[in-house]
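# Architecture and fold: a report
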Amino acid sequence: MKRLICFFVTAIILSANISNAQKPGYVLVIHGGAGNITPERITPEKKVLFEQKLEEALAAGEKVLSAGGCALDAVVAAVQVMEECPLFNSGKGAVFNAEGKNELDASIMDGKTMKAGAVAGVMTIKSPVEAARRVIDSSAHVMLAGRGAEEFARVQGLEIVDPSYFYTEESWQEYLKVKARIETEGRKGTVGAVALDMKGNLAAATSTGGMIYKKYGRIGDSPIIGAGTYANNESCAVSCTGHGEFFIRNSVAFDVSARMLYLGETVEKASGYIINEKLKNQGAAGGLIALDKDGNIAMPFNTNGMFRGYVKKGEKIQVYVFR
Ligand code: ASP
């Protein structure tokens with residue numbers, strides 16, 4: 001009997017060690033938008049600036065994960081670095097809508113609890129991703145829009161800024177060009193992050209100014225759970241970027257998870273099919289980042305480029321801009 005108990009205890013310890021050995025520790029993947037990102041459009045100097053910011057965002061998220069923090073905090077930390085950087089289409093430097101205003105969207109999802117939060121069409125919240133996080137923690141809802149979201153953020157003690165905070169000369173000039181019907185598509189991107197923490201929990205977050213010259217009140221996929229953002233510990237965490245209307249119609253972020261769960265596809269196969277076949281065939285430009293519960297990464301895009309990068313425990317930060 002004693003031997004039998006000994007055998008079972010050893011077996012349990014061994015199997016625990018094996019599954020620990022298979023765990024990747026932590027992984028963080030980010031994107032800074034997909035689009036017409038080519039060496040002709042992005043000068044070598046500008047490319048360096050993008051790479052530095054992507055590295056900074058990855059380092060901020062990694063700091064949380066390496067200290068044993070949760071995936072949800074890590075994606076917020078990574079996204080906030082990009083929200084504060086005028087190079088990306090989120091937070092400061094976001095694109096202007098047709099009325100010459102910045103209207104921001106963001107969302108976040110916790111793969112462990114399946115809780116989600118989003119804000120849409122906000123114009124005064126400095127960090128929309130943080131407001132989305134508060135929607136999870138401090139409200140009974142999933143999405144708050146416009147004035148209600150801004151009032152909620154104010155009561156939560158988040159930083160409220162004058163709409164002029166989001167203004168940058170570069171975004172304004174792009175707006176004027178688009179207004180004058182000059183083609184300038186694709187230099188600025190939505191931002192997003194997906195993370196797997198050391199406890200095996202997944203999370204995803206996305207933050208954007210939306211499509212340039214969008215109609216006042218237009219909401220894209222980024223704040224919509226299942227379209228631009230999704231996380232489920234059973235499958236994967238996903239953050240999308242691209243032509244939002246298509247991403248909403250195709251429930252892209254959820255579809256990656258569904259294909260994995262229902263069809264048994266890998267994260268790479270599921271997301272590659274959706275971006276490079278399904279959406280491409282519909283003429284929908286964009287990309288996504290996805291991370292499964294074992295730490296496998298996919299970063300497909302059907303555009304010329306996508307600002308992207310990742311870091312894994314014990315490995316060097318990797319960032320990419322072009323194909
Ligand atoms: N998906 C965003 C939207 O449609 C835009 C982008 O990712 O560039 O609002």
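One structure accompanies this document, and this report is about it. (Residues numbered from 1 in each chain as written. Predicted model: local features only at pLDDT ≥ 70, side-chain atom pairs only at ≥ 80, totals over all residues. Heavy atoms only, no water.)

## Description of the overall build of the chain
The secondary structure content of the chain amounts to nine helices and 12 strands. Projected onto its principal axes, the C-alpha coordinates of the chain cover approximately 85 × 45 × 35 Å. Expressed as a percentage of the 323 residues in the chain, the buried residues total 55%. Pairs at least 24 residues apart make up 69% of the contacts formed inside the chain by residues separated by at least 6 positions. Surface exposure of the chain reaches about 14200 Å², of which carbon and sulfur atoms provide 54%. Separation of charge centres in the chain, based on 37 positive and 35 negative side chains, amounts to 3 Å. (Helix = DSSP H or I, 4+ residues; strand = E, 2+ residues; numbered from the N terminus. Buried < 20%, exposed > 50% of the residue type's maximum accessible area, 1.4 Å probe, protein only. Contact = heavy atoms within 4.5 Å. Areas by Shrake-Rupley, 256 points an atom, 1.4 Å probe, with all protein chains shown as cover. Lys, Arg positive; Asp, Glu negative; His and termini not counted. Charge placed at Lys NZ, Arg CZ, Asp CG, Glu CD.)

## Focus: the sheet that holds strand β1 (residues 27-35)
Strands sit in the order β4-β3-β2-β6-β5-β1-β11-β12 across an open sheet of eight strands; the sheet is mixed. Because the sheet does not close on itself, it has two edges, and the strands there are β4 (143-145) and β12 (318-322). Each strand axis lies, on average, 10° off the axis of its neighbour in the sheet, ignoring direction. Summarising the sheet, β1 and strand β11 (residues 305-312) pair through seven bridges and their orientation is antiparallel. Bridging from a neighbouring strand, A34 pairs with M306 of β11. Strands β1, β2 (104-110), β5 (191-196) and β6 (202-208) of the sheet are contacted by helix α3 (residues 71-83), whose axis makes an angle of about 155° with β5. Against the sheet, helix α5 (residues 146-155) touches β3 (116-122) and β4, its axis set at about 105° to β4. (Pairing = 2+ DSSP bridges. Axes fitted to C-alpha atoms, helices over the stretch in contact; angles between N-to-C directions.)

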